[in-house]
Amino acid sequence: MMTEIVSVLLALAISYLFGILVTKLHLPAILGWLVGGMMLGPNGFGIVDNSIISAGWYSVAMDVFECAAGLMIGMTLVPARLRKSGRGIVVTTLTQAIGTFILVTAVFIAVFVFAADIPWYFAPIMGAVALATAPAPVLSVVREYRSKGPLTDTLVPMAALDDVIGVIVFFLVMTGVAAHLSIAMVPWYFLPLVLVVPLFIGVVVGHFSGIVLLHVSSRKKSVLVVSVGILISAAAGYFINVDVLPYPVLSFLLVGIAFSASFSNIVAEKRLEELMRDCSPLLGLSLVFLLFDLGCPMDYHLVIGAGLYTLIYIGSRAFGKYAGAFFGARASGLPKSVQLNLGLTILPHSGMSLVFTGIAVSVLAPYAPGFTSVLQGTIASAAVINEVLAVLLLRAGLKNAGEAGCDEAAKKRPPSEEGGRNTL
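Residues numbered from 1 in each chain as written. Predicted model: local features only at pLDDT ≥ 70, side-chain atom pairs only at ≥ 80, totals over all residues. Heavy atoms only, no water.

Considering the overall build of the chain
Argument step 1. Counting its secondary structure elements, the chain contains 20 helices and 0 strands.
Argument step 2. Taken over 424 residues, the chain has a buried fraction of 54%.
Argument step 3. Relative to all contacts within the chain whose residues are 6 or more apart in sequence, the contacts with residues 24 or more apart total 84%.
Argument step 4. Looking at the chain as shown, the accessible area adds up to about 17,700 Å², and 69% of this sits on carbon and sulfur atoms. (Helix = DSSP H or I, 4+ residues; strand = E, 2+ residues; numbered from the N terminus. Buried < 20%, exposed > 50% of the residue type's maximum accessible area, 1.4 Å probe, protein only. Contact = heavy atoms within 4.5 Å. Areas by Shrake-Rupley, 256 points an atom, 1.4 Å probe, with all protein chains shown as cover.)

With respect to the nonpolar core
Argument step 1. In terms of nonpolar packing, the biggest core is built from 69 residues, with Ile125 and Phe170 touching the most fellow members.
Argument step 2. Residue contributions to this core peak at 9 residues, all from helix 9 (residues 150-180).
Argument step 3. Not counting chain neighbours up to four residues away, the residues in contact with Phe170 comprise Ile125, Ala128, Val129, Phe356, Ile359 and Ala360.
Argument step 4. Judged by nonpolar contacts, the second largest core, of 59 residues, contains Val141, Leu283, Val288 and Val338. (Core = buried A, V, L, I, M, F, W, Y, C linked by side-chain atoms within 4.5 Å.)

Points about the packing of helix 18 (residues 352-364) against helix 19 (residues 372-400)
Helix packing for two helices is described by the angle between their axes and how far apart those axes are.
Argument step 1. At a minimum axis distance of 10 Å, the contact between helix 18 and helix 19 shows a crossing angle of 170 degrees. Taken together, helix 18 and helix 19 sit at an angle that is classed as roughly antiparallel. Facing helix 18, whose interface residues are Ser353, Leu354, Thr357, Ala360, Val361 and Leu364, helix 19 presents Thr372, Leu375, Gln376, Ile379, Ala380 and Ala383.
Argument step 2. Partitioning the contact of helix 18 with helix 19 into residue classes produces 8 nonpolar, 4 polar and no charged. (Axes fitted to C-alpha atoms, helices over the stretch in contact; angles between N-to-C directions. Parallel < 35°, antiparallel > 145°, perpendicular 65-115°, else oblique. Nonpolar A, V, L, I, M, F, W, Y, C, P; charged D, E, K, R; others polar.)

Looking at helix 13 (residues 269-278)
Argument step 1. Every buried residue of helix 13 is accounted for by Leu272, Glu274 and Leu275. Taken end-on, helix 13 shows its buried residues confined to a sector of 160 degrees, consistent with a single buried face. Across helix 13 from its buried face, at more than 90 degrees, point the exposed residues Glu269 and Lys270. (Arc of directions from axis to C-beta.)

Topic: a nonpolar patch on the surface
Argument step 1. A contiguous nonpolar patch, built from Leu195, Val196, Leu199, Phe200, Val204, Phe208 and Ile211 and spanning about 610 Å² of accessible area, is present on the exposed surface.
Argument step 2. By the secondary structure assignment, Val196 is in helix 10 (residues 190-214).
Argument step 3. On the basis of relative accessibility, which here comes to 48%, the residue Val196 falls in the partly exposed class. (Patch = residues over 30% accessible without salt bridge, like charges linked within 9 Å, V, L, I, M, F, W, Y side chains within 5 Å. Salt bridge = Lys/Arg side-chain N within 4 Å of Asp/Glu carboxyl O.)

Side note on the pattern of salt bridges
Opposite charge on two side chains makes pairing possible when the charged atoms of those side chains draw close.
Argument step 1. Tallied over the full model, the rule gives 2 salt bridges.
Argument step 2. The salt bridge involving Lys321 is made with Asp162; its shortest N-O contact spans 2.8 Å. Of this pair, Lys321 sits in helix 16 (residues 308-331) while Asp162 sits in helix 9, placing them 159 residues apart in sequence.
Argument step 3. What makes Lys321 buried here is its relative accessible area of 0%.
Argument step 4. Note on Asp162: relative accessible area 1%, which makes it buried.
Argument step 5. Close ionic contact of Asp278 with Arg219 constitutes a salt bridge, the shortest N to O distance being 2.9 Å.

Quick look at the confidence of the model for the chain
Argument step 1. Confidence in the prediction of the chain, expressed as mean pLDDT, is 81, and 89% of residues score 70 or more.
Argument step 2. Ranking the helices and strands of the chain by mean pLDDT puts helix 16 first, with 91, and helix 20 (residues 408-411) last, with 41.
Argument step 3. The low-confidence segment residues 406-424, where pLDDT is below 50, has 35 contacts with residues more than four positions distant or belonging to other chains. (pLDDT = per-residue confidence, 0-100.)

Looking at the side chain of Ser7
Argument step 1. As for its position among the elements, Ser7 is in helix 1 (residues 2-23).
Argument step 2. By relative accessible area, Ser7 is classed as buried at 18%.
Argument step 3. Apart from the residues within four sequence positions on either side, Ser7 is in contact with Ile47, Val48 and Ile52.

Regarding the packing of aromatic side chains
Argument step 1. One pass over the structure, following the stated rule, counts 11 aromatic pairs.
Argument step 2. Taking the centre distance of 6.4 Å and the plane angle of 55 degrees together, the rings of Phe108 and Tyr313 count as tilted. Taken together, the residues span a long stretch of sequence, with Phe108 in helix 6 (residues 79-116) and Tyr313 in helix 16 at a distance of 205 residues.
Argument step 3. Ring geometry for Phe170 against Phe356: centres 4.4 Å apart, planes inclined by 10 degrees, an arrangement best described as stacked. Taken together, the positions of Phe170 in helix 9 and Phe356 in helix 18 put the pair 186 residues apart, joining distant regions of the chain. This pair shows no difference in class: Phe170 is buried, exactly as Phe356 is.
Argument step 4. Put simply, the rings of Phe108, Phe112, Tyr309 and Tyr313 pair up and form one aromatic cluster. (Phe/Tyr/Trp six-rings, centres within 6.5 Å; stacked < 30°, edge-to-face > 60°.)

Brief notes about the environment of Leu195
Argument step 1. Relative to the helices and strands, Leu195 resides in helix 10.
Argument step 2. For Leu195, a relative accessible area of 34% translates into the label partly exposed.
Argument step 3. Considering only alpha carbons, one finds Leu195 and Val255, 60 residues apart in sequence, at a separation of 9.8 Å.
Argument step 4. Discounting residues that sit within four places of it in the chain, Leu195 has contacts with Val164 and Leu254.

Observations regarding the packing of helix 8 (residues 135-144) against helix 9
Argument step 1. One can describe the packing of helix 8 onto helix 9 by two numbers: an axis separation of 9 Å at closest approach and a directional angle of 160 degrees. In terms of their interaxial angle, helix 8 and helix 9 are classed as roughly antiparallel. Seen along the crossing, helix 8 lies across helix 9 with a hand that is left-handed. When helix 8 is examined against helix 9, the residues Pro135, Val138, Leu139 and Val142 are found in contact with a partner set consisting of Thr152, Leu155, Val156, Ala159 and Asp163.
Argument step 2. Residues that form the contact of helix 8 with helix 9 fall into these classes: 7 nonpolar, 1 polar and 1 charged. (Left-handed = near helix turned anticlockwise from the far one by under 90°.)

Given below as structure tokens:
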């Protein structure tokens with residue numbers, strides 16, 4: 001195990017250096033971390049191989065870091081901010097999610113049924129997989145470029161809500177497909193648990209952490225309280241994910257969001273700002289781990305073999321996200337900068353898409369063995385191509401909206417400030 005830990009730490013250090021080199025080209029550091037994952041992971045040099053990725057300790061570590069990453073979102077969810085944009089976030093999330101599902105499904109029904117003679121039920125599966133937005137790239141770019149404004153305030157919580165909606169839609173679709181093929185899928189209580197359990201764990205642990213924080217004056221002890229709360233929350237989530245749910249799809253990011261939102265509404269605002277700055281190193285470390293892990297399963301060789309289905313998937317997903325976000329933001333009365341740029345910022349795809357694909361393939365392989373490779377190959381190659389392009393478009397969207405802190409004033413800020421560029 002120690003050898004595995006050393007291998008992971010070495011790979012992370014190299015990936016972090018890649019991130020620094022990438023910023024010299026005026027690109028987001030996240031691209032270096034993703035490339036590091038791809039090059040040093042199982043499909044590259046194999047410093048971090050499949051045996052490490054599948055190890056229990058590695059899975060637990062990723063769950064903890066995902067939970068910690070939720071701090072960036074949850075600590076902004078205070079009533080004053082939610083009153084300003086809460087309705088718009090919910091409406092826009094729903095329109096872009098539903099719009100993406102409908103468009104991708106319709107496009108692939110036309111392609112599969114009329115052009116390729118592939119069973120129709122693969123189309124809604126493609127549509128459901130397309131929903132998820134990767135929160136880690138979004139949080140990383142927002143943090144690196146000190147992004148602030150209405151677009152950022154809408155984007156950050158939406159990235160988390162997208163994953164929740166994605167889980168619900170995917171399993172509803174798979175339940176329908178399973179019924180069509182007479183396959184036993186998931187118990188009735190599964191979908192409510194996916195949403196309720198993370199919120200319950202986070203709120204309960206966060207509430208008690210908030211009470212403890214009220215009686216702690218030291219900033220170092222406050223960070224310790226938050227860190228212990230994250231570990232307890234992640235441990236509870238891990239138990240539910242492994243021993244209760246039929247599929248391990250619990251959102252640890254949602255656990256972390258609920259945890260930090262709970263204590264953030266207990267402590268004073270000034271104290272919360274101090275805590276956000278003090279927790280910045282933990283957040284930075286978490287994002288590096290998560291982005292490296294996101295890149296690990298990606299096989300860059302798939303870019304060479306990417307076919308027409310991959311291009312159709314990337315294009316239809318992008319159009320669905322952009323159009324759905326535009327109309328949702330417009331209907332909600334969000335600023336024009338949000339309407340025009342939100343769709344560009346929610347294109348990073350989630351590692352959850354690969355989890356969804358794996359579940360779909362395992363369920364359908366006995367019934368459509370000749371076609372599951374189409375689903376698997378399309379999503380896998382799209383994940384590699386889309387992740388690089390989407391990060392560039394994400395940065396472009398924030399810059400177009402005037403919210404990316406790339407100006408001289410931002411660059412002159414002391415590196416010790418929260419959210420400092422390329423700092424851990």
